[in-house]
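# Coordinates in review
One letter stands for each residue in the lines below.
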Amino acid sequence: IKHDIAIISMHTNLDNSYLGVNAALAEKLGLANLRILQPTTPDPQLRGAGMIGEFAEAMSEKDFLRRVAETIDSPCLRHSAFIGRDVKRVAMCGGSGSFLLSEACAQHADAFLTADVKYHDFFLPEGQLLFVDGGHFETEQFTKELICGLIRKKFPTFAAEIAETNTNSVHYFVKI
């Protein structure tokens, strides 16, 4: 504001839009047949929390975790115990989405990707799915590309740029 920079605040709107945070993450992961995980009225197809989709081919749990880590560029992932089943159907909620765990289980997801998972919550799936904490920043990072793309499409002569500044407040130490 001091430097005449406009600020747009639409965080929650993008969390609950079919074309928002979760769609951007799902696209990066390569998921198809996307739909809202927990729809809200009056537009159950377009609004609600989380997203669920499928890979063209099932993969092992380790390959799924590898794909997630590479996609979100994370040195490590926290997850529940392996369930011994391939991953094809994936539920997700970028940022803090543990509140959707029961919905992911009810919709027979093989894995649920979100962030900010508390220690004891990793026990809650009881072997129904692989519960993965990819990190808050990491699971929402593609939103800036989404917003920039929307602005460029709507205003093609407007110079929209994505800042290169890393705003992730969490840093990782990985013991090798």
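Residues numbered from 1 in each chain as written. Predicted model: local features only at pLDDT ≥ 70, side-chain atom pairs only at ≥ 80, totals over all residues. Heavy atoms only, no water.

Let us now look at the packing of aromatic side chains. The geometry of two aromatic rings is summed up by the distance between their centres and the angle between their planes. Within the structure shown, the criterion is met by four aromatic pairs. Geometrically, the ring pair formed by Y119 and F123 is edge-to-face, given 5.8 Å between the ring centres and 80° between the ring planes. On the basis of relative accessibility, which here comes to 54%, the residue F123 falls in the exposed class. Put simply, the rings of F112, F122 and F131 pair up and form one aromatic cluster. (Phe/Tyr/Trp six-rings, centres within 6.5 Å; stacked < 30°, edge-to-face > 60°. Buried < 20%, exposed > 50% of the residue type's maximum accessible area, 1.4 Å probe, protein only.)

Negative phi characterises most residues that are not glycine, and trans characterises most peptide bonds. Its identity is not glycine, yet D73 carries a phi of approximately 55°, on the positive side. Among the secondary structure elements, D73 is positioned in the loop between α3 (61-72) and β3 (78-79). Positioned with a positive phi, E126 is a non-glycine residue whose angle comes to about 45°. Tracing the backbone through its elements, the reader meets E126 in the loop between β5 (111-115) and β6 (130-133). (Helix = DSSP H or I, 4+ residues; strand = E, 2+ residues; numbered from the N terminus.)

The next thing to look at is a nonpolar patch on the surface. Taken together, the side chains of V170, Y172, V174 and I176 present a nonpolar region at the surface, about 430 Å² in accessible area. Take Y172: it is sitting in the segment after α6 (143-154). Look at Y172 and you get partly exposed, because its relative accessible area is 36%. (Patch = residues over 30% accessible without salt bridge, like charges linked within 9 Å, V, L, I, M, F, W, Y side chains within 5 Å. Areas by Shrake-Rupley, 256 points an atom, 1.4 Å probe, with all protein chains shown as cover. Salt bridge = Lys/Arg side-chain N within 4 Å of Asp/Glu carboxyl O.)

On to α6, then. Between its terminal C-alpha atoms α6 stretches 17 Å, which fits the 16 Å expected from 12 residues at 1.5 Å a residue. Against α1 (11-15), α2 (21-29) and α5 (136-140) lie the buried residues of α6. (Expected span 1.5 Å × (residues − 1). Contact = heavy atoms within 4.5 Å.)

The subject of this paragraph is the nonpolar core. Grouped burial of nonpolar side chains is what soluble globular proteins tend to show. F64 and M92 are the most contacted members of the largest nonpolar core, which totals 24 residues. Sequence-distant contacts of M92, defined by excluding residues within four places in its chain, comprise N22, L25, A26, L29, L31, G50, M51, F112 and L113. (Core = buried A, V, L, I, M, F, W, Y, C linked by side-chain atoms within 4.5 Å.)

Now for the side chain of N168. Mapped onto the secondary structure, N168 falls in the segment after α6. A distance of 3.0 Å separates a polar atom in the side chain of N168 from a polar atom in the side chain of E138. The residues contacting N168, other than those within four sequence positions of it, are F137 and E138. (Polar contact = N/O pair within 3.5 Å; in protein donor to acceptor, adjacent residues only side chain to side chain.)

Turning our attention to the layout of surface pockets. Considered as a void within the structure, the largest pocket measures approximately 970 Å³ in volume. As for the largest pocket, its lining consists of 26 residues, and the residues nearest its centre are I8, T143, K144, I147 and I162. Put simply, the parts of the chain that give the lining of the largest pocket at least two residues each are α1, α5 and α6. Of all the elements, α6 adds the most residues to the lining of the largest pocket, at five residues. Estimates place the volume of the second largest pocket at around 210 Å³. Here the lining of the second largest pocket gets three residues from one element, more than from any other, and that element is α5. (1 Å grid on protein atoms, 1.4 Å probe; cavity = no way out; pocket = protein on both sides within 12 Å on 5 of 7 lines; lining within 4 Å. Points joined across faces, edges and corners; volume = space filled by probe spheres on them.)

What follows concerns the packing of α2 against α3. Between α2 and α3, whose axes approach to 10 Å, the crossing angle comes to 115°. Where α2 crosses over α3, the handedness of that crossing is right-handed. Residue-level contacts link L25, K28 and L29 of α2 to R67, V68, T71 and I72 of α3. (Axes fitted to C-alpha atoms, helices over the stretch in contact; angles between N-to-C directions. Left-handed = near helix turned anticlockwise from the far one by under 90°.)

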